[in-house]
Structures are given as structure tokens and as C-alpha cells.
Amino acid sequence: MNTRILSALMMAAAGLGCVQAKVRLPHILSDGMVIQQQSDVRLWGWDKPGAKVKVTCSWSSDAVSTKTGSDGRWMVKVRSPKAGYTPLSITFDDGEPVIINNVLAGEVWVCAGQSNMEMPVKGFGQCPVEGYNDWVLESARHRGVRSVKIPSIMRSEPQEDAQCEWQECGPATVADFSATGYFFARTVHQALDIPIGLIEANKGGSRVESWLTKENLQRYTSDPTDSVEIARRWAQYDYHRSLLWGNGTFNPILNFTVKGILYYQGCSNVGDPGNQYSERLKLLVEQWRSQFGLGEIPFYFVQIAPYTYGDGKEGTSGALLREQQQRAAQIIPNSSLVCILDLVYPYEFTQIHPTQKRQVGERLAYTALNREYGFEQVLYKSSSYKDMTIKDGAVYLHLQDNYNCDSPFEDMQGFEIAGEDRVFHPAKAQHFWQPGGEYWDEAVKVSSPEVPHPVAVRYCFKNFQLGNVKNGANLPLFPFRTDDWQ
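None of these values were measured; they are calculated from a predicted model.

Caption draft 1: Spatial organisation of the overall build of the chain. Assigned secondary structure in the chain consists of ten helices and 21 strands. Seen through its C-alpha atoms, the chain measures out along the principal axes to roughly 100 × 50 × 40 Å. Put simply, the chain has 486 residues, and 55% of those count as buried. Long-range pairs, those at least 24 residues apart, make up 72% of the contacts in the chain between residues at least 6 apart in sequence. A total of about 21,300 Å² of accessible surface is found on the chain, and carbon and sulfur atoms cover 48% of it. Of the side-chain charges in the chain, 47 are positive and 54 negative, and the distance between the mean point of each set is 6 Å.

Now the structure itself:
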């Protein structure tokens, strides 16, 4: 063909495309997606300025129309139906229709955080997920679970779209799902028998500051917000960078209507001073809730696992971060913290990605099932320290949320006790019960011949220390200390 003719045809085609520009949707609004059931679901996109966009849904005879602004943006809300497996469709029409098919209504949860949330069912290099083949084979029973992975990218400005695609759970796809997210969804799907959607927006190694906005960073931190300065400060470890991960990886999902947020992060903030981590996590949750505009949506998060961190097995930097996470659970409304002290094998002290991910996701699911879905008989709380009494050379501990059970009945491990010298010694811990007792009817009695006059007790308050105390839900006791010694 004559080169000049070909060039003219290409120019004409380009011009025609400009004249007949049609509705463009963000990638997250696409075939196979799960929408939040019985909600005012937001749908949005772009078109030429001043265009009229009509939205019709297969489950309703009503249509919604809007007109794009001068920037070409548009957004509507439609009322979604009750959850079910009947495939739905949505049509967006500005004169040239765009149709999304195979849409399901169900429950949608965000999977946020760092690498232990990002870790897929197939595991990372040198980091397997326990029971992998079993999960692949049985995944066909959970085709109602679907997931979309937002690419982990950095951007200097907030992004409105990201290259992503919804995947239906099955043997050919489940390996790439977030392991923690999948085991959460699998359990909720089994209990509710409705579709479950996961939006995976996370980044391995990220700090809590990685997800804060420019405004929050400038107001509440000393972190730089200029992209050049950010890159210079974290030149070696780009996953520690502030702002950029939130702009590129989380911002694209903020218009999507979701049920709640699951969060597994904290390792990269080990060593933060004072209450800095808990205050900044609270700030992040407030930011996300404001950005989603869906009210006080639930925020369920995971306590970091035992690991050597920067100061070895006997250090306390990780323990202090875990303490901050417990504080965060107290100051963040509608939140709940999952303890995983028992989900690390003794040989995993240098493995930042423990292999037991099924139980992590299940414990998040137990929390949601009890708090959000009416399963009152599903027990989800770990026990925690309440208060103590000292008498006759022993400390009597009272625990809360123990569901009337502190186990094992014998050989409780993980306790240490100290006197005024602040030197901790391994302690013997046992059940104590005294009818009509003057200090406790039932308690955990902790003592050591090395400490005749105790003043403080610690339980697994080290980077890597594995205790064995559980409650009536067979959930582990949160690590704690009764002192505030530095």
C-alpha cells in the first residue's frame, strides 16, 4: 500500500477515535468482579467532557445517568442485590455500550500490609506455605472466591487506575492468591456460602508510613514527601519508602465499595520509639476510612510473629512492636488484633515468613464471622493480661477473654519473673484455685526460687520466645509484661 495512503488512514482512524471516544472504566471494574452486596456500590470512569453516561444493571429495571465533568470523570451509585452465584452484568452506555459480565454480589475485603499478606499460596522462595498441594486440590470447592491483585508500584502522585484482572479461585489460579487472604475468604465462604471478593493491595517490606498521604506525612511525621528526597533517604530499600506505595498501589482502589480491611504489617516498623507505631497506624486507619467514605468499616489486623528482628532472639524490639499493636487495637474503633504467637515453628526464628498461613487467615475469618456476620458461638479473642496480685513470694495473674479456660492444665511455659533488681528468671506457672480466696478464686500462679520477692512478670516478651498458654477457644495468650522498664 502507498505509504501516504496508509499514513492518511492511520490519521483518520486516530481522529475517529477522538470523536467517538467511549466510556473507559478502571481495570478493577471488569469481568468477573465481586461487588459488595446490598450496598450503594460506586461505579466510575472517564469519557469525553460533557458526555452523558447511562448505567443499567441486569438485576434492576432502573437506570442511572450522569454527565461527565470538564475533566471527563464520572461516577454513579447503584444499589446492589443480595449475594448470590447468579452471574450479573452492568452496561455503561454513552451511545456505544461497554458491558461487564460475570459479576457476582457478595462480600468484598481488602488485603493490605506487607509481605506476610502479599505471600501467595504457592509461597515465596525458601518460604513455602504449609499444605500447598492440599489447598490447590480443594480450591475447586471455593470458586465463589475471587481475587484481584493490584500491582505493587510506586508513584509520586496518587493514581486512579492500575493494571489488574479479577481471578476466579480454582486449581489453576489459587497459587497466586494471597495465602492469608485466601484462607480468610475460604473460611468465610464455607460459613456463609456466598461469593467473597479479595482486593490485594499490599507491598512486601512496606512501613506504615508507606501508605500515608502527603498531607498526613507532612503534618504528623518528619518523612520527606518529595519523590527525589524519598528516593535518596531510602536508596537501598525502596520498599521502605513513604507515600509512593500508597499513591501507586492503594489509591486506585479507594472508589471501590468494600466491607472491610484485613491488615498484616509491622515488621518494617520494629524499632520505632514510644507510641509512634500505634499512633501512626491509628492515623492510617482514619485516613483509609475517610478515603473510602464508607463509615467506620472494620479493620482486622495480625500481630507480627516471633522472629529474631534486629537484636536477636533474646532482644525485645519485636516484643515492643507487638505491644504497640495491642495498644493500637485499643485506640482504633471497630478493630481487632489476631495473635499468632503459636504459629511459628522453633526452627523458624530467622524466617520472616512463617509457613503456617492457614490458621492466620482462619483467625481473621473467625473475627469477621463473629463481629460482622452473626456467628456468636464462633470464639475469636485471644486472652490477655488483666491484672495481678503478689502474695507470699508468688504472683497471681488474672487473664481476660480466656473463655473460662487457661490451658494447658500443667506445664505452662513462657513465663519469666523479676524482683527489684529487674533481672528476669524463668518461672514456674500453674493453675491456682481457692474457693472464696482472698485474692483470686482462679488465677495463674507464677513463681521462681530465684526471685523470693517478685515485682514483675513477663510472658514471651522477647523477639523469639514460644509459650504454650491458650484459652477456651484454643487461641494463644497475647505476649505481655507487667512492668514498664526500659
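Caption draft 2: Highlighting the packing of aromatic side chains. Using the criterion set out here, one finds 22 aromatic pairs in the structure. Ring geometry for Trp211 against Phe250: centres 6.2 Å apart, planes inclined by 65°, an arrangement best described as edge-to-face. In this pair, Trp211 sits in the loop between β10 (196-202) and α5 (214-220) while Phe250 sits in helix α7 (residues 244-250), placing the two residues 39 residues apart along the sequence. On the accessibility criterion, Trp211 (2% relative accessible area) is buried. The interplanar angle of 70° and the centroid separation of 4.8 Å between the aromatic rings of Tyr396 and Phe432 together place this pair among those described as edge-to-face. One end of the pair, Tyr396, is in strand β15 (residues 394-400); the other, Phe432, is in strand β18 (residues 428-433), with 36 residues separating them in the sequence. The burial state of Tyr396 is the same as that of Phe432; both residues are buried. One cation-aromatic arrangement involves Arg24 over Trp46; the distance from NZ or CZ to the ring centre is 4.1 Å.

Caption draft 3: Layout of the sheet that holds β15. Across the sheet, which stays open at both edges, the four strands sit in the order β14-β15-β19-β18 with antiparallel pairing between neighbours. What marks the edges here is a single partner per strand, and that holds for β14 (384-391) and β18. With strand direction ignored, the average angle separating the axes of adjacent strands in the sheet is 30°. When β14 meets β15, the two strands line up antiparallel, connected through seven bridges. By the bridge assignment, Ile390 is partnered in β15 with Val395.

Caption draft 4: Summary view of the environment of Phe250. Looking at Phe250, the relative accessible area reads 2%, which means it is buried. Distance in space between the C-alpha atoms of Phe250 and Cys339 is 26 Å, their sequence separation being 89 residues. Apart from the residues lying within four places of it in its own chain, the contact partners of Phe250 are Val110, Ala112, Ala201, Trp211, Trp245, Trp288 and Phe292.

Caption draft 5: Up close: the pairing of strand β7 (residues 98-113). With 13 of 16 residues buried, β7 lies mostly within the body of the structure. Relative to β7, strand β1 (residues 34-36) runs parallel, the two sharing three bridges. From the neighbouring strand, Ile35 faces β7, where its bridge partner is Ala105. Across five bridges, strand β6 (residues 84-93) lies against β7 in antiparallel orientation.

Caption draft 6: Structural context of the packing of helix α4 (residues 179-192) against helix α10 (residues 358-372). As a packed pair, α4 and α10 sit with axes 7 Å apart at the nearest point and diverge in direction by 45°. Between α4 and α10, the interaxial angle falls into the category oblique. The chirality of how α4 crosses α10 is right-handed. Between α4, through Thr180, Phe183, Phe184, Arg186, Thr187, Val188, Ala191 and Leu192, and α10, the contact on the second element is made entirely by Arg358, Val360, Gly361, Glu362, Leu364, Ala365, Tyr366, Ala368 and Leu369. Looking at the contact of α4 with α10 residue by residue, the classes come out as eleven nonpolar, three polar and three charged.

Caption draft 7: Summary view of the nonpolar core. Membership of the largest hydrophobic core comes to 87 residues, with the highest contact counts inside it found for Ile28, Tyr263 and Phe415. Counting 39 residues, the second largest nonpolar core, distinct from the first, contains Ala83, Met119, Cys169 and Ile340.

Caption draft 8: Region of interest: the sheet that holds strand β20 (residues 456-459). Reading across the sheet, the four strands line up as β17-β16-β20-β21 and stay open at both edges, with antiparallel pairing between neighbours. Strand pairing shows two members of the sheet lacking a second neighbour, β17 (424-426) and β21 (480-481), which therefore form its edges. Where strand β16 (residues 415-418) meets β17, three bridges bridge the pair, whose relative direction is antiparallel. The residue of β17 that forms the bridge with Ala418 is Phe424.

Caption draft 9: Region of the structure containing the pattern of salt bridges. Summed over all chains, the structure comprises 29 salt bridges. We note a salt bridge from Glu118 to Lys149, for which the minimum N-O separation is 3.8 Å. Separated by 31 residues along the polypeptide, Glu118 in helix α2 (residues 115-118) and Lys149 in strand β8 (residues 145-149) bring together distant segments of the chain. Look at Glu118 and you get partly exposed, because its relative accessible area is 21%. Among the residues examined, Lys149 registers a relative accessible area of 31% and is labelled partly exposed. The partner of Arg481 in a salt bridge is Asp483, with the nearest N and O atoms 3.9 Å apart.

About the cut-offs
- Residues numbered from 1 in each chain as written.
- Predicted model: local features only at pLDDT ≥ 70, side-chain atom pairs only at ≥ 80, totals over all residues.
- Heavy atoms only, no water.
- Helix = DSSP H or I, 4+ residues; strand = E, 2+ residues; numbered from the N terminus.
- Buried < 20%, exposed > 50% of the residue type's maximum accessible area, 1.4 Å probe, protein only.
- Contact = heavy atoms within 4.5 Å.
- Areas by Shrake-Rupley, 256 points an atom, 1.4 Å probe, with all protein chains shown as cover.
- Lys, Arg positive; Asp, Glu negative; His and termini not counted.
- Charge placed at Lys NZ, Arg CZ, Asp CG, Glu CD.
- Phe/Tyr/Trp six-rings, centres within 6.5 Å; stacked < 30°, edge-to-face > 60°.
- Lys NZ or Arg CZ within 6 Å of the ring centre and 35° of its normal.
- Pairing = 2+ DSSP bridges.
- Axes fitted to C-alpha atoms, helices over the stretch in contact; angles between N-to-C directions.
- Parallel < 35°, antiparallel > 145°, perpendicular 65-115°, else oblique.
- Left-handed = near helix turned anticlockwise from the far one by under 90°.
- Nonpolar A, V, L, I, M, F, W, Y, C, P; charged D, E, K, R; others polar.
- Core = buried A, V, L, I, M, F, W, Y, C linked by side-chain atoms within 4.5 Å.
- Salt bridge = Lys/Arg side-chain N within 4 Å of Asp/Glu carboxyl O.

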